[in-house]
Amino acid sequence: MWYQKHFGLVFSCILCDYIINSSGAKLENNGYRDLVIAINPRIKNDPNLIKSIQDIVTAASDYLHRATKQQVYFSDVKILLPRTWSLSSSSIHRPRTESYEKADVIIAEPYLKYGDEPYTQQYGGCGEKGQYIHFTPNFILNSSLTQIYGPKDKVFVHEWAHLQWGVFDEYNQLVPYYLSNGKYEATRCSKEIIGRNADCTDGDCKSCEIDPTSGLPKGNCQFYPDRKQTSTSSIMYIQGLSQVAEFCDKKTHNPYAPTMQNKMCNYRSIWEVIRESEDFRNNRPPHTGSVIPSFRILQAKDRVICLVLDTSGSMDLENRINRLRQAAAIFLLQIVEVKSKVGIVTFSSDARIKTQLKMIDNDDVRKELAIFLPTSATGGTNICAGVRSGFQVLRGDDGDTGGDEIVLLTDGEDGGISSCFAEVKQSGAVVHTIALGPSAAAELEQLSSMTGGLQFAATDNVNASGLIDAFTGLISGNGDISQQSIQLESFGAMIYDGDWMNNTLPIDKTVGNDTSFVVTWEKQIPDIFVADPSGKVYNKDDFEIDDTLLTARLNIDGTAQVGHWMYSILNPGSDQIITIIVTSRAADEKIPPLTVNMLVSEKDSYGGRTIYAEISQGFSPVMFANVTAIIERPTGRPIEERLSDDGTGADVVKNDGIYTKKFFKFSGYGRYNFKVRVEGKEGATKKAIRTGARAFYIPGYTENGVIQINPPQPPVNLEDLTTELGDFSRVKSGGVISVPAGTLPVDVPPCKITDLQATIVKNKVELEWTAPGDDYDQGAASRYEMRMSDSLLQLRDNFSTTAPVNLTSMNPQPFGSRENVTFVPENTELKNGTTVYFALCAYDKINQPSAMSNVAKISVYVPWPEHPKGNNGKLEVVCSVIVVTILVCLIIWVVDYVVRRKKSRTNVPA
């Protein structure tokens, strides 16, 4: 067959990934183009916001140009306004493929009032692009914040470095000081930044109190930089100083400071990482022309979408046409937002317009649209004919396709699909693709890749609900989360004659409006029972039955009760596949619901992918949830992988609400579809303060020896964080990746150890870490190799030549176990001022080493004797010793004098 002969070849040329939503800006001739800044729909109309954004980015372009040695700047910027803003300017354009969800920078309120701290959401490690930059409207408009963060153009560049080049901060609020050569230093880069250390808690600055056991400042001691500096580095430490205009490079970098940059980037400088990025890899020449960006103002509109559905003969196989009708009906009846305009096209050898655009303003329109869904399948496959008819439908509202959407579903091969690639790219429309079954055209995802659309796939596996999940994942990208449908449940299985499908589903307080239970079947309607938390039972008679779609739908009036709902479904006849889908919307438009964002990375050097699931309420991370990824593979049953947020394995930061897992379990080449199931338990899951890549909040400055204090950071409202989330459930589709022939993962070494810790216990060193696996995070490593040195850089650059630590008797435990070892260092005296660094590698069964671990450090500090009089203790001890010494000397002198006088009298002649 053509498929068997050519499918592998096509896939070897095409890599269609549903990858993380990193920066979409493109670097052309030294200038970043298509930088999108989007304003959240909840922000009120304010023309000043537009003007301030333009001023900040214009200044940032010049600052970026200077900071990168005249190599890059911002050349083309688009500001996306909410559709609710009432503006009459003719200079406002409609977006094409731009959307709030894909913006590089978002302007939005923080919801929980943690202040206006700018930050960048980063999922991955060193050198990996971030997701978005978040500024609040107040940060953009409030000039007083310049005193706290520095000029806003500098802050913009600080965050841009996080987003575009995957670098990290060079300060550490959790570890503000460290020991260096027996003295404490403020955590910073460059170390040449000078200032004063003081405790200004009560507004009266005093010397810092030193912990007598660690030698580090304690209490509220902070570093207050001098306003006037000779050092010009670094933007990723303190962007607010007027002299700071560069990134730390190899010469100015401080590898010894306990910063996130050092931890994540193997103690390399910011500029070294930037130079290795794709933007600078080819020795880009300096830019000598204008660096003033051009701006284009866009305004979002209500959704305009056309379903373009395959009805070729192969859709009659594996019950695909019926499954398509059921899944598309759920999209029309429950998912697509009010005020959206929807049309339907079907195609086989040619295309047919089933209905022109209809605005969804009531349930009757939704039901009318569902009637046009296809019921039969015959003929060949002409994808481009379907797409072109879809464009014709989309032009029905304003004559243009820019910013509109096509949902393209097909199960067939089509050798002519590339004939419409240019037309699709020029249309300005977004094409979302759904590949059904194993034979869908290999080039299909190119249509979504070139237009920024979503990519999904569904197998014919009888126990999977992937096709329904694909349609439920097609929510609007306009950023108005209060209007978006949220999937609470998605489960499908083969239920045998007389068997039940039972489960309990929690509905939490953040959702409940427009809640629907939908059951689908193949042959005979099952008996259905749903019980709400108060005990009220809904049976089959309460559902709206559609014998054509083979679906039963129950809409809950008003806001659904918070608590546990139970459903029980009995199959009374022959064996059949039954699925249940539960969706809802936000209970209160002013309170964001709990949401899930699932993403899959590009492949790593071993062919693996990283699965990310971000759990949040608004911009607040949610910790301690149970997160499971479900992967449909081209062959075999779906598999499940548990995601973690514990800072080990693939997870970068512990307890940041980003749950992670490395995936290697490929069963062959083809498409892999991902979704995630999230469960939260009352009393266990909690909201957290967002950590990570943030602009430095400057506590104050030192000027002429006097500290000028800035207002303290706004305190966190602990009530916001301790508010119970209750039990909750979410299901979210993460899209599809395609694995080309010949690119399956090879043998994978153990994952990097990232939490090595070293402490001194009496005269011994104790080391502790989390065990890696044999294949990344699976199984147990075969052996460890640990090294030590008094030079951090020697350990990093020449690991194998440094002194070994004997671990030959140690048998590695399975991944996730805690390992520890205690030993007495040979040839190293643990005396005051001694610093020793440790690192280790793990080896797998074929002797492949992991990357070198993080570097752990011990610094020997011998404290002064404790003295009851606080800060003056050391001086008073010294004085006491001196006084005692003088007294002893005086007593000795007096005794000697008396003895000598007595002796002299005895020897006087008579």
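This is a predicted model, so every value here is computed, not measured.

Rules used in this analysis
Residues numbered from 1 in each chain as written. Predicted model: local features only at pLDDT ≥ 70, side-chain atom pairs only at ≥ 80, totals over all residues. Heavy atoms only, no water. Pairing = 2+ DSSP bridges. Helix = DSSP H or I, 4+ residues; strand = E, 2+ residues; numbered from the N terminus. Axes fitted to C-alpha atoms, helices over the stretch in contact; angles between N-to-C directions. Patch = residues over 30% accessible without salt bridge, like charges linked within 9 Å, V, L, I, M, F, W, Y side chains within 5 Å. Areas by Shrake-Rupley, 256 points an atom, 1.4 Å probe, with all protein chains shown as cover. Salt bridge = Lys/Arg side-chain N within 4 Å of Asp/Glu carboxyl O. Parallel < 35°, antiparallel > 145°, perpendicular 65-115°, else oblique. Left-handed = near helix turned anticlockwise from the far one by under 90°. Contact = heavy atoms within 4.5 Å. Core = buried A, V, L, I, M, F, W, Y, C linked by side-chain atoms within 4.5 Å. Buried < 20%, exposed > 50% of the residue type's maximum accessible area, 1.4 Å probe, protein only. Arc of directions from axis to C-beta. Polar contact = N/O pair within 3.5 Å; in protein donor to acceptor, adjacent residues only side chain to side chain.

Draft legend 1. Up close: the sheet that holds strand 24 (residues 527-531). The four strands lie next to each other as 22-28-24-25, forming an open sheet whose pairing is antiparallel. Both outer strands of the open sheet, strand 22 (500-507) and strand 25 (537-539), are each paired with one neighbouring strand and no more. Neighbour to neighbour, the strand axes of the sheet diverge by 15° on average, direction disregarded.

Draft legend 2. Region of interest: a nonpolar patch on the surface. Side chains of Trp500, Phe529 and Val537 sit close together on the surface and give an oily, nonpolar patch of about 290 Å² of accessible area. Looking at the secondary structure, you find Phe529 in strand 24.

Draft legend 3. Spotlight on the packing of helix 2 (residues 47-67) against helix 5 (residues 152-165). For the pair helix 2 and helix 5, the least separation of the axes is 8 Å and the interaxial angle reads 65°. Classed by the angle they form, the pair helix 2 and helix 5 counts as roughly perpendicular. The chirality of how helix 2 crosses helix 5 is right-handed. Contact residues: helix 2 offers Ile56, Val57, Ala59, Ala60, Tyr63 and Leu64, while helix 5 offers Lys152, Asp153, Lys154, Phe156, Val157, Trp160 and Trp165.

Draft legend 4. Representation of the nonpolar core in the model. Ranked by size, the top nonpolar core spans 69 residues in total, and within it Phe74, Phe156, Trp160, Trp165 and Phe247 carry the most contacts. The greatest single-element share of this core, amounting to nine residues, is contributed by helix 2. By size, the runner-up hydrophobic cluster in this structure holds 38 residues, among which are Leu309, Phe331, Ile360 and Ala377.

Draft legend 5. Just helix 9 (residues 363-371), in detail. Turning to helix 9, its buried residues are Val365, Arg366, Leu369 and Ala370. In an axial view of helix 9, the angular spread of the buried residues amounts to 140°, which keeps them on one side of the axis. Across helix 9 from its buried face, at more than 90 degrees, point the exposed residues Asp364 and Ile371. A side-chain oxygen of the first residue of helix 9 lies 2.9 Å from the backbone nitrogen of Asp364; this N-cap is Asn362.

Draft legend 6. Spotlight on the sheet that holds strand 29 (residues 576-586). What the five strands build is an open sheet, ordered 21-29-23-27-26; its pairing is antiparallel. Both edges of this open sheet fall to strand 21 (486-495) and strand 26 (544-546), since each of them pairs with a single strand only. This sheet shows a mean twist of 15° between the axes of neighbouring strands, independent of strand direction. Together, strand 23 (511-520), strand 27 (551-555) and strand 29 form the strand contacts of helix 8 (residues 320-335), whose direction differs from that of strand 29 by roughly 20°.

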